[in-house]
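A closer look at the structure
Letter by letter, the chains look like this.
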Amino acid sequence: MKRSLEVLPDGILAERAADGDATAFEVLVFRYGSLMRAYAVRVLGNQSEAEDVVQDVLIQAWGQLDRLNDPNAVKSWLMRMVSNRAIDRIRRRREHSEIEDWNAPAPSHQSPERVVEVRMQMSALASVLDRLPAMQRECWMLKETGGLSYVEIAESLGVPTSTVRGQLARARQTVLREMEVWR
């Protein structure tokens, strides 16, 4: 049964999964799970956290498939959920230092001044990204943090490649202009 489902398009699989067909959902997970994990690892820089994010997204997706407006856009919907969840996880991160190293001098790249500067810079970047229109932000995140190609981004978001190029150009221009003080 699973073999015959593998040839079906995303839209039909998503509709069947929304109706409770677990096998159809398994095919979608098999089809896009590795892309979701690769993207999450790229964004988070940590395999374990990426696995957690993808698992959370798949659980959420299973429960919300019936709310998906366009079943044919299931790939971009899943990728957007992974992106949002990974960004949320980054925002919640807290750095912890080992107690046994409390007396050791910090390397220059970990000095309190440098840590504060990097945090302020990342906060400024997050603020700039939050103000971008949604499509520009998604294109920028998928390209700059996910490392996806223009074609992969276009497929993920269900838009033409030319739209991705234009959205990325505008997003990069805004990010460069707004982050100029940090150069």
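You'll find the structure just up there.
Residues numbered from 1 in each chain as written. Predicted model: local features only at pLDDT ≥ 70, side-chain atom pairs only at ≥ 80, totals over all residues. Heavy atoms only, no water.

Considerations on the overall build of the protein
When helices and strands are tallied, the protein shows nine helices and zero strands. Accessible surface, the protein as shown: approximately 11,300 Å² in total, 51% of it carbon and sulfur. (Helix = DSSP H or I, 4+ residues; strand = E, 2+ residues; numbered from the N terminus. Areas by Shrake-Rupley, 256 points an atom, 1.4 Å probe, with all protein chains shown as cover.)

Description of empty space enclosed by the protein
The full count for this structure, using the stated rule, is one cavity of 30 Å³ or more. Quantified by volume, the largest cavity comes out at close to 40 Å³. Around the largest cavity, the lining residues are Ser76, Met79, Arg80, Ser83, Glu138, Leu142, Ser156 and Leu157. Among the elements of the structure, helix H5 (74-92), helix H7 (134-145) and helix H8 (150-157) are those that each provide at least two residues to the lining of the largest cavity. Among the residues making up the lining of the largest cavity, the classes are represented as three nonpolar, three polar and two charged. (1 Å grid on protein atoms, 1.4 Å probe; cavity = no way out; pocket = protein on both sides within 12 Å on 5 of 7 lines; lining within 4 Å. Points joined across faces, edges and corners; volume = space filled by probe spheres on them. Nonpolar A, V, L, I, M, F, W, Y, C, P; charged D, E, K, R; others polar.)

Digging into the packing of aromatic side chains
Applying the stated criterion across every chain, the model contains one aromatic pair. For the pair phenylalanine 25 and tryptophan 62, a centre-to-centre distance of 5.0 Å together with 55 degrees between the ring planes defines the contact as tilted. Taken together, the residues span a long stretch of sequence, with phenylalanine 25 in helix H3 (residues 22-44) and tryptophan 62 in helix H4 (residues 47-64) at a distance of 37 residues. Looking at tryptophan 62, the relative accessible area reads 35%, which means it is partly exposed. Its guanidinium or amino end placed over the ring of tyrosine 150, lysine 143 lies 5.0 Å from that ring's centre, counting from NZ or CZ. (Phe/Tyr/Trp six-rings, centres within 6.5 Å; stacked < 30°, edge-to-face > 60°. Buried < 20%, exposed > 50% of the residue type's maximum accessible area, 1.4 Å probe, protein only. Lys NZ or Arg CZ within 6 Å of the ring centre and 35° of its normal.)

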